[in-house]
Amino acid sequence: MNAFGLIQIGLILLCTTTISSLQCNHLPLQQRKVIENSLQLLDKMGKKFPQQCLREKMSFRFPEQVLKPRQKETVKVAIEEIFQHIFYIFSKNLTLAAWDGTALEQFQNGLYQQIEQLEACVIKKQTHYFWSKEVNRLKLNKYFKKIDCFLKDKQHNLCSWEISRAEMRRCLQLIDKVIRKL
Amino acid sequence: AQIGPPGIELQSTNGVIKVKVSPPEGNQVRKMWVDHLSFKYNLVIWENSSNAEFRSETIFPTDIIDDLAPDTTYCLKVQATLPLYSLEGLFSPIRCVKTTHKVNDLLCAKNVSVLSLNMKFHLHWNNQYKQHVSYNVQYLIGYLKKLHDDYSVKWLNVPGCENITDTQCNFSSIITTILGFYYLRVQAVSEYNRSCLSNEVKVDPLITNEIGPPGVKVDISDVLLHIQITPPGGSESEVMRDHYDLSYRVLYWKNSSNNEEEIKMKELKQTIGTVSDLTPSTLYCLKVQAFSEVYNKSSHYSKEECITTPGEQMLSLIILATFVTALVAVLLVAMPFVFVLYQAYNKIKYAFFPSCQPPLNIEGFGGQRFSSPCLSTTEEPIENCSIIETIITEEVDQIDFKDYKHSKQSSRDSGNYSNDDDTSGTKVSEETLEKEVV
């Protein structure tokens, strides 16, 4: 690729950067609020963790290094992906969990809004491109796939849901810590 | 990794096209893209004529394409994308469909819009129907559109806006999460139970909402102006403060006849603030605006509040007045106290140190000054005086006993008398006893 071509790409990326970041000042504040809310709603959804489910507890091992990448911008995309995964998990068959429907709706609604905002606000091409090459992204996918399979194997029974809920809570708390440092 | 083409189902009704998209890999058992909810669908549509313009828009799995010309053939194709990885999938095969005739139903509510102030949300619409019509306002929780399930059954009625004739509705009660989208629509029902659904309106509470003006009170002390701001929203003020991270902008200026005074600005993060560097004896006016920097929203300005700074003469007058008042107050309190003390002192002095003067004729008696107290504590020695009646008793012995008795009685009326004569004394004592008994 010649120098002129590189300059062109550079200029385009610069323009996209400037334009994309303009209307999104409220995002950090909103994100902190959504996570705060989501944690409260997760607690509100159901009761205390049932004792009988302790036997079935699984260790999923969330890949924490995904939240500590070299580039700060990549963290935002990582959070976006985590939200999408959580949104997907909680859209499954929840009848056996017998949780508070309103709290669940509010939880999903908040997550969905964040996903939409992040998609609109985060610098599109460049960061997403870097993210697609990120090694930790695959570890993250594997983590959520494990939870998904666990739920399927247990046929979405109460204990599997309660364990997943506790795991998601831990996940959101980690994100909360990271966001506060940003 | 490549994303396959999605499946599409089309339905042409009433001048619009209803699209239903099924995710790529559809009902495959083993999927590459497990999380099909992450897909965003990109629709490309154009008129089936030469030199047609392509239109591209993002659609939900179940969506409606309106703003199309009636009785026209349109062709479209859909692709699934994963924005997260900047991946675009393959397009579905092109499908063409003809739009039907659009019936302009006057029954339907038109120009549905949202007005929101201080987290109170109102829906407004227009009525073009000549006959009687009642409305049901319905809402849908935003995320349901993202799912592939049929959300048409998930619309709920807004409480308080069922079967109404008014063309407005307060739907604040359904906004349970400030963070989240909601969709609203109006169902118009005629007398003959014919109904029509209006267009949908999307509400993002924090973006849609407008911040109202704050309240302001001013107070003056010396050359400092004290500003007290009441945050906007009343009962919802905490919610707004929390989510908007509100700050306040104060504009103040000298209100003189010369209108070319410079307007100064001060930004406050708290609801109290002070303005210094004021000139004395001047009328200052100010107004306050609430704003959210992160959301790029600001309210209207509050009412103007004006106050005059005290002048220098005024200041000394105030000081003098304060001093005099204090002095009077102190005197009022001190005077009765002093009076009481004085009275007490007098009483004590009278009791213990009398100032009674002796009469002039006794003055200098024995060369002594009359320093002894009036109230005598010891008895003065009283001289024992005795009356001696010797002559009367001798005469009585010679006279009759009766006469003796009589004279004795008459002469014996006071004082003690000595008993010189024993015999006569005993007789006398007998008579004394007699008299005393009588």
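Residues numbered from 1 in each chain as written. Chains lettered and ligands numbered in written order. Predicted model: local features only at pLDDT ≥ 70, side-chain atom pairs only at ≥ 80, totals over all residues. Heavy atoms only, no water.

- If you check an unreviewed UniProt entry, chain B appears there as Interferon alpha/beta receptor 1 from Gavia stellata.

- Naming follows an unreviewed UniProt entry, where chain A appears as Interferon alpha-2 of Gavia stellata.
- Looking at the Function (unreviewed entry) heading of the UniProt record, one finds this comment for chain A: "Has antiviral activities."
- Regarding chain A, the relevant UniProt record gives this comment under Subcellular location (unreviewed entry): "Secreted". (UniProt positions renumbered as here; feature names shortened; annotations may be inferred.)

1. Section: the pairing of strand β22 (residues 283–292) of chain B
All names here are of chain B.
Next up, step 1: β22 sits mainly inside the fold: eight of its 10 residues count as buried.
Next up, step 2: Of the strand pairs in this sheet, strand β19 (residues 247–254) and β22 are connected by eight bridges, and their pairing is antiparallel. By the bridge assignment for β22, tyrosine 248 is matched with alanine 290.
Next up, step 3: With four bridges joining them, β22 and strand β24 (residues 305–308) adopt antiparallel strand pairing. Residue pairing in the sheet places tyrosine 284 in a bridge with isoleucine 307 of β24.
Next up, step 4: As judged from the two bridges shared by β22 and strand β23 (residues 297–298), these two strands associate in the antiparallel manner. Counted as the bridge partner of serine 292 is lysine 297 from β23.
Next up, step 5: From the end of β22 to the start of β23, which pair antiparallel, there are four residues, and asparagine 296 there has a positive phi angle of about 55°. (Buried < 20%, exposed > 50% of the residue type's maximum accessible area, 1.4 Å probe, protein only. Helix = DSSP H or I, 4+ residues; strand = E, 2+ residues; numbered from the N terminus. Pairing = 2+ DSSP bridges.)

2. What to know about the packing of aromatic side chains
Next up, step 1: Taken as a whole and judged by the stated rule, the model has 15 aromatic pairs over all chains.
Next up, step 2: Judged by centre distance (6.0 Å) and plane angle (40°), the ring pair of phenylalanine 90 of chain A and tryptophan 161 of chain A falls under tilted. With a gap of 71 residues between them, phenylalanine 90 of chain A in the loop between α3 (72–89) and α4 (101–121) and tryptophan 161 of chain A in helix α7 (residues 158–181) connect regions that are remote in the sequence. Tryptophan 161 of chain A carries the same exposure label as phenylalanine 90 of chain A, and that label is buried.
Next up, step 3: Look at tryptophan 46 of chain B and phenylalanine 54 of chain B: their rings are 4.8 Å apart centre to centre, the planes differ by 35°, and that puts the pair in the tilted class. (Phe/Tyr/Trp six-rings, centres within 6.5 Å; stacked < 30°, edge-to-face > 60°.)

3. Some thoughts on the packing of helix α2 (residues 27–45) of chain A against α7 of chain A
Residue and element names in this part refer to chain A.
Next up, step 1: Direction vectors running N to C along α2 and α7 enclose 160°, while the axes themselves pass 10 Å from each other. Comparing the axis directions of α2 and α7 gives the class roughly antiparallel. For the crossing formed where α2 meets α7, the hand is left-handed. Residues Gln31, Arg32, Ile35, Glu36, Ser38, Leu39, Leu42, Asp43 and Met45 of α2 lie in contact with α7, whose contacting residues are Arg165, Met168, Arg169, Leu172, Gln173, Ile175, Asp176, Ile179 and Arg180.
Next up, step 2: Within the contact of α2 with α7, the residues separate by chemical class into eight nonpolar, three polar and seven charged. (Axes fitted to C-alpha atoms, helices over the stretch in contact; angles between N-to-C directions. Parallel < 35°, antiparallel > 145°, perpendicular 65-115°, else oblique. Left-handed = near helix turned anticlockwise from the far one by under 90°. Contact = heavy atoms within 4.5 Å. Nonpolar A, V, L, I, M, F, W, Y, C, P; charged D, E, K, R; others polar.)

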